Amino acid sequence: MTEAILLVGGKGTRLRPLTVHTPKPMVRAAGVPFLTHQLARARAAGVDHIVLATSYLAEVFEPHFGDGSSLGLHLEYVTEVEPLGTGGAIRNVAARLHSAPDEPVLVFNGDILTGLDIGALVRTHETTGADVSLHLTKVTDPRAYGLVPTDETGRVLAFLEKPQTPEEIVTDQINAGAYVFRRSVIDAIPQGRPVSVERETFPELLSAGAHLQGMVDSTYWLDLGTPAAFVRGSADLVLGRAPSPAIPGRCGDRLILPTARVAPDAKLTDGTVVGEGAYIAEGARVSGSTILPGAVVEPGAVITDSLIGTRARVGERSILTGTVIGDGAIIGADNELRHGARVWCDAKIPAGAVRFSSDQ
């Protein structure tokens, strides 16, 4: 159908400590690096050539995915020496594209989990003759996003960044982070300097009279930029709420990867994932959480809506709710960590050191 660019260069600072050793698109969701789901969905839509625009920890991607042949894709990698923003990253990989000037090129952000009908977006682009077509989605509270009002035909009227007052909220449609560009538009983006498509490229195209088309697709959509959202997205993949052909097992209440061990009386629910080599001990209860490879959950621990990093350990009877435990960290027995807590990689919390309730 067409070729694509995947923007995977961000540092993922909002996700730290998950991204201390791992770039955001390579953090595991439903048992595989999140990027795997995006690549598989693009392939299912007919895309066969994808260029990955990398920057942060760029050396991690190619050893894992190689040339993409195992996914039925031809993958190429282009690394930014200095971060170039969304538009700069797109322009930086243009030389690797094969499309003719008037042909479509898909562009995806590497941190969006979506059920977008990719083929429908490309068809919208082609039938309207647009220069750029954007996936738009509707949200209840659009204040954290860029608003994109359209006319009755779907033609984009403006780009309004993060409204602050009720009067500024003129639509509930937001930029959902997937685009189809006419190839010649990519070639016209300034080269060798940071460029934001949201703040510079798109507004300038509108000012110049270009045709920007919006397609509202209100299927599943989630920005995985925060730990809570990432954990929710992984669980939704396992539960079948978010579509992906790359889930390494059947959808259901839990996903247990090969070589993981789970005690017979441990309870795993609400889309919990247990990675390779991880161990869930007797009496543990894990709900809506991601347990990364090699992690250990000791007897009687209760983990809810949390992510436990690679080789991390959660001690007996500890209670974790809405927390992130970095790779190699050790949480001693009888600790209590609540919403928003982030324990850094290789940190050690002694037994009974952190509590939100009394010790009785």
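Here the structure is a predicted model, which is why all the values come from computation and not from measurement.

## What to know about the packing of aromatic side chains
- Throughout the structure, instances matching the rule amount to six aromatic pairs.
- Ring centres of tyrosine 179 and phenylalanine 202 lie 5.2 Å apart, and the angle between their planes is 70 degrees; on these two criteria the pair is classed as edge-to-face. Taken together, the positions of tyrosine 179 in strand 11 (residues 173–182) and phenylalanine 202 in helix 6 (residues 197–207) put the pair 23 residues apart, joining distant regions of the chain.
- On the basis of relative accessible area, tyrosine 179 is assigned to the buried category, the value being 1%.

## Structural notes on the sheet that holds strand 20 (residues 290–291)
- With respect to topology, six strands assemble into an open sheet ordered 14-17-20-23-26-29, the strand pairing being parallel. With partners counted over all chains shown, the strands left at the sheet margins are strand 14 (254–256) and strand 29 (342–343), one partner each.
- By the bridge criterion, two bridges tie strand 23 (residues 307–308) to strand 26 (residues 324–325) in an arrangement that is parallel. Counted as the bridge partner of isoleucine 308 is isoleucine 325 from strand 26.
- Set on the sheet, helix 7 (residues 227–239) makes contact with strand 14, strand 17 (272–274), strand 20, strand 23, strand 26 and strand 29; between it and strand 17 the angle comes to about 90 degrees.

## A look at the nonpolar core
- Ranked by size, the top nonpolar core spans 29 residues in total, and within it Ile5, Ile90, Val132, Leu134, Phe181, Phe202 and Leu212 carry the most contacts.
- Of all the secondary structure elements, the ones that give two or more residues to this core are strand 1 (3–7), strand 4 (49–54), helix 3 (85–92), strand 6 (104–109), strand 8 (132–138), strand 11, helix 5 (183–187) and helix 6.
- If near-sequence neighbours (up to four positions away) are discounted, valine 132 is found in contact with His125, Tyr179, Val180, Phe181, Val185, Phe202, Leu205, His211, Leu212 and Gln213.
- In this structure, Leu6, Leu73, Phe108 and Val180 belong to the second largest nonpolar core, which totals 25 residues.

## A look at the side chain of threonine 137
- As for its position among the elements, threonine 137 is in strand 8.
- When residues no more than four places from it in sequence are discounted, the contact partners of threonine 137 are Asp172, Gln173, Ile174, Ala176, Asp217, Ser218 and Trp221.

## A word on the environment of alanine 260
- With respect to the helices and strands, the residue alanine 260 is situated in the loop between strand 14 and strand 15 (261–262).
- The spacing of alanine 260 and aspartate 102 is 158 residues in sequence and 50 Å in space, taken between C-alpha atoms.
- Apart from residues lying up to four places away in sequence, alanine 260 is in contact with Val274, Gly275, Glu276, Gly277 and Ala278.

## Section: the sheet that holds strand 21 (residues 296–297)
- Spatially, 15-18-21-24-27-30 is the arrangement adopted by the six strands of the open sheet, whose pairing is parallel. At either end of the open sheet lies a strand with only one pairing partner, and these are strand 15 and strand 30 (348–349).
- Of the strand pairs in this sheet, strand 18 (residues 279–280) and strand 21 are connected by two bridges, and their pairing is parallel. Paired with isoleucine 280 across the bridge in strand 21 is valine 297.

## A short note on the pairing of strand 8
- Here strand 8 lies mainly inside the structure; six of its seven residues are buried.
- When strand 8 meets strand 11, the two strands line up antiparallel, connected through six bridges. When the sheet's bridge partners are listed, valine 132 is paired in strand 11 with phenylalanine 181.
- In this sheet, strand 12 (residues 212–216) lies alongside strand 8 in parallel orientation, the contact comprising five bridges. Residue pairing in the sheet places leucine 134 in a bridge with glycine 214 of strand 12.

The rules behind each value
- Residues numbered from 1 in each chain as written.
- Predicted model: local features only at pLDDT ≥ 70, side-chain atom pairs only at ≥ 80, totals over all residues.
- Heavy atoms only, no water.
- Phe/Tyr/Trp six-rings, centres within 6.5 Å; stacked < 30°, edge-to-face > 60°.
- Helix = DSSP H or I, 4+ residues; strand = E, 2+ residues; numbered from the N terminus.
- Buried < 20%, exposed > 50% of the residue type's maximum accessible area, 1.4 Å probe, protein only.
- Pairing = 2+ DSSP bridges.
- Contact = heavy atoms within 4.5 Å.
- Axes fitted to C-alpha atoms, helices over the stretch in contact; angles between N-to-C directions.
- Core = buried A, V, L, I, M, F, W, Y, C linked by side-chain atoms within 4.5 Å.

Everything listed here is a matter of geometry and, on its own, says nothing about what the molecule does.
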